[in-house]
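Residue strings, one per chain:
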Amino acid sequence: AEARSMESLEKQLICPICLEMFTKPVVILPCQHNLCRKCANDVFQASNPLWQSRGSSAVPSGGRFRCPSCRHEVVLDRHGVYGLQRNLLVENIIDIYKQESARPLHAKAEQHLMCEEHEDERINIYCLRCEAPTCSLCKVFGAHKDCEVAPLPAVYQRQKSELSDGIAMLVAGNDRIQAIITQMEEICHTIEENGRRQKQHLGLRFDSLYGILEERKKELLQSIAREQEEKVQHVRGLIRQYGDHLEASSKLVESAIQAMEEPQMAVYLQLLGDLARRITDMSKVSMSSRPEPGYENMDHFSINVDYVAEMLRTIEFQTGA
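Criteria and cut-off values
- Residues numbered from 1 in each chain as written.
- Predicted model: local features only at pLDDT ≥ 70, side-chain atom pairs only at ≥ 80, totals over all residues.
- Heavy atoms only, no water.
- Buried < 20%, exposed > 50% of the residue type's maximum accessible area, 1.4 Å probe, protein only.
- Helix = DSSP H or I, 4+ residues; strand = E, 2+ residues; numbered from the N terminus.
- Pairing = 2+ DSSP bridges.
- Contact = heavy atoms within 4.5 Å.
- Core = buried A, V, L, I, M, F, W, Y, C linked by side-chain atoms within 4.5 Å.
- Domains from an automatic or database assignment.
- Phe/Tyr/Trp six-rings, centres within 6.5 Å; stacked < 30°, edge-to-face > 60°.
- 1 Å grid on protein atoms, 1.4 Å probe; cavity = no way out; pocket = protein on both sides within 12 Å on 5 of 7 lines; lining within 4 Å.
- Points joined across faces, edges and corners; volume = space filled by probe spheres on them.
- Nonpolar A, V, L, I, M, F, W, Y, C, P; charged D, E, K, R; others polar.
- Salt bridge = Lys/Arg side-chain N within 4 Å of Asp/Glu carboxyl O.

Side chains on a regular strand alternate between the two faces of the sheet. Judged by which residues are buried, strand β3 (residues 63-66) turns out to be one-sided: Gly63 and Phe65 face inward and are buried, whereas Arg64 and Arg66, on the alternate face, are not. The sheet contact formed by β3 and strand β4 (residues 73-76) spans four bridges and is antiparallel. When the bridges of β4 are listed, Arg64 appears paired with Val75. In sequence, β3 turns back onto β4 through a hairpin of six residues, with Arg71 there showing a positive phi of about 70 degrees.

Here it is as structure tokens:
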């Protein structure tokens, strides 16, 4: 079962370009798929043969290529693939996988723990009521004689499988959170772009007016800036919230992976309780707060300057725009 799990994990760490395990650094595309940086650069160079390299004296321009996994169009800036974000979580998982694969089999063999009450007895059963590993004599004559017990290997395999499912659930949740963060970053960018565009339009209209228009112009610009700042701060607050959850969840994944490496069943089960509760609590945290559709829209900051001179002091944004 452990070999099958390692094989399944390895399949998730294969680059779709070179068909080998991802090589550091691993870059994450906007569509959330991963590539080796070298492979991403090869695909990018093939799609943009005239793109200037980083060492060129000429100022490089941006380019684009399609994700080999989903065909999503990836648009890059003048930094090329070096402007893509590195996926440090995948790189850490690869390191852990390689370390685990390199360990000799005898190092992973279980070392039996002996009972503290009966020194000559191995711990070979698990008390379901007390949730603690124990020995057969404790069940027959000792503190667990009235408890329901189960074979230690059976409980070990069942709870290890449950922890593995919890890890998979957390990793999937992390992917969703990362996608949400990326989407909200784009919303922030759109809000800022819309805000700048509306300020520019407003400025062009007020540039043709004099006197009182200048004073009113400043007031309206401040209104745009206030709402832009409020919206951006609100969304960035959500990003920080999701980022904090992602960081905590990633650390929990690392702790769970380290726990999976524990070769001693009794020690593993003794440590599992707190870890399982943390995974359950983390999975129940609600991550449903998002900006409403159209939240980034700033088009309501639009004005009509076709008013007569005596109405200039009453200029306001068109509420129906």
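There's plenty left to go through after this.
For the rest of this paragraph, the subject is the environment of Met21. As for its position among the elements, Met21 is in the loop between α1 (2-12) and β1 (26-28). Distance from Met21 to Glu10, taken between C-alpha atoms, is 7.5 Å for residues 11 residues apart in sequence. The contacts of Met21, once residues within four sequence positions are left out, are Glu10, Leu13, Ile14, Cys36, Ile94, Tyr97 and Lys98.

Buried together is how nonpolar side chains tend to be arranged in soluble globular proteins. In this structure, Leu13, Phe22, Leu29 and Leu163 are the most contacted members of the largest nonpolar core, which totals 49 residues. Secondary-structure elements contributing two or more residues to this core are β1, β2 (34-36), α2 (37-47), β4, α3 (88-102), α5 (152-206), α6 (212-260) and α7 (265-284). Both of domain 1 (1-50 + 61-101) and domain 2 (113-147) provide at least three residues apiece to this core. Apart from the residues within four sequence positions on either side, Leu29 is in contact with Leu35, Phe65, Cys67, Val74 and Leu84. With 24 residues, the next largest nonpolar core counts Ile180, Ile187, Leu246 and Met287 among its residues.

Attention now goes to the environment of Ser223. Among the secondary structure elements, Ser223 is positioned in helix α6. The spacing of Ser223 and Phe317 is 94 residues in sequence and 9.7 Å in space, taken between C-alpha atoms. Residue contacts for Ser223: discarding those within four places in its chain leaves Phe301 and Phe317.

What follows covers the sheet that holds β2. Backbone hydrogen bonds are what pair the strands of a sheet, in a parallel or an antiparallel way. Strands sit in the order β2-β1-β5 across an open sheet of three strands; the sheet is antiparallel. Strands with a single pairing partner mark the edges of an open sheet, and in this sheet they are β2 and β5 (85-86). Taken together, the two bridges between β1 and β5 define a ladder with antiparallel strand orientation. Considered in β5, the bridge of Ile28 is made with Gln85.

Moving on to unusual backbone geometry. Excluding glycine, most residues fall at negative phi; most peptide bonds, likewise, are trans. Its identity as a non-glycine residue notwithstanding, Gln32 has a phi of 75 degrees, on the positive side. For Gln32, the position within the fold is in the loop between β1 and β2. At Glu131, a residue that is not glycine, the phi angle is positive and equals roughly 55 degrees. Residue position: Glu131 is located in the loop between β6 (125-127) and β7 (132-134). Residue class for Glu131 comes out exposed when judged on its relative accessible area of 59%.

So, about the packing of aromatic side chains. For the coordinates displayed, the defined rule picks out three aromatic pairs. Considering the side-chain rings of Phe44 and Phe65, the 6.2 Å spacing of their centres and the 65 degrees angle between planes classify their relative orientation as edge-to-face. Of this pair, Phe44 sits in helix α2 while Phe65 sits in strand β3; the two residues are 21 residues apart in sequence, bridging distant segments of the chain. Ring plane angle 75 degrees and centroid distance 5.6 Å describe the contact between Tyr156 and Tyr268, whose orientation is recorded as edge-to-face. Taken together, the positions of Tyr156 in helix α5 and Tyr268 in helix α7 put the pair 112 residues apart, joining distant regions of the chain.

What follows concerns the layout of surface pockets. Each pocket or cavity is described by its volume, and for the second largest pocket that value is around 360 Å³. Contributing to the lining of the second largest pocket are 19 residues, with Gln159, Glu162, Leu272, Gly273 and Ala276 lying nearest its centre. A per-class count over the lining of the second largest pocket returns 10 nonpolar, five polar and four charged.

A word on the pattern of salt bridges. Counted under the stated rule, the structure contains 10 salt bridges. Among the ionic pairs, Lys231 bridges to Glu227, the shortest N-O distance being 3.2 Å. Of the two residues, Lys231 and Glu227 both sit in helix α6, four residues apart, roughly one turn of that helix. Taking relative accessible area as the criterion, Lys231 reaches 9% and is therefore assigned buried. The exposure class of Glu227 is partly exposed, given its relative accessible area of 22%. Here the residues in one salt-bridge network are Glu185, Glu192 and Arg236, joined through shared partners.

All we've got here are geometric facts, nothing functional implied.
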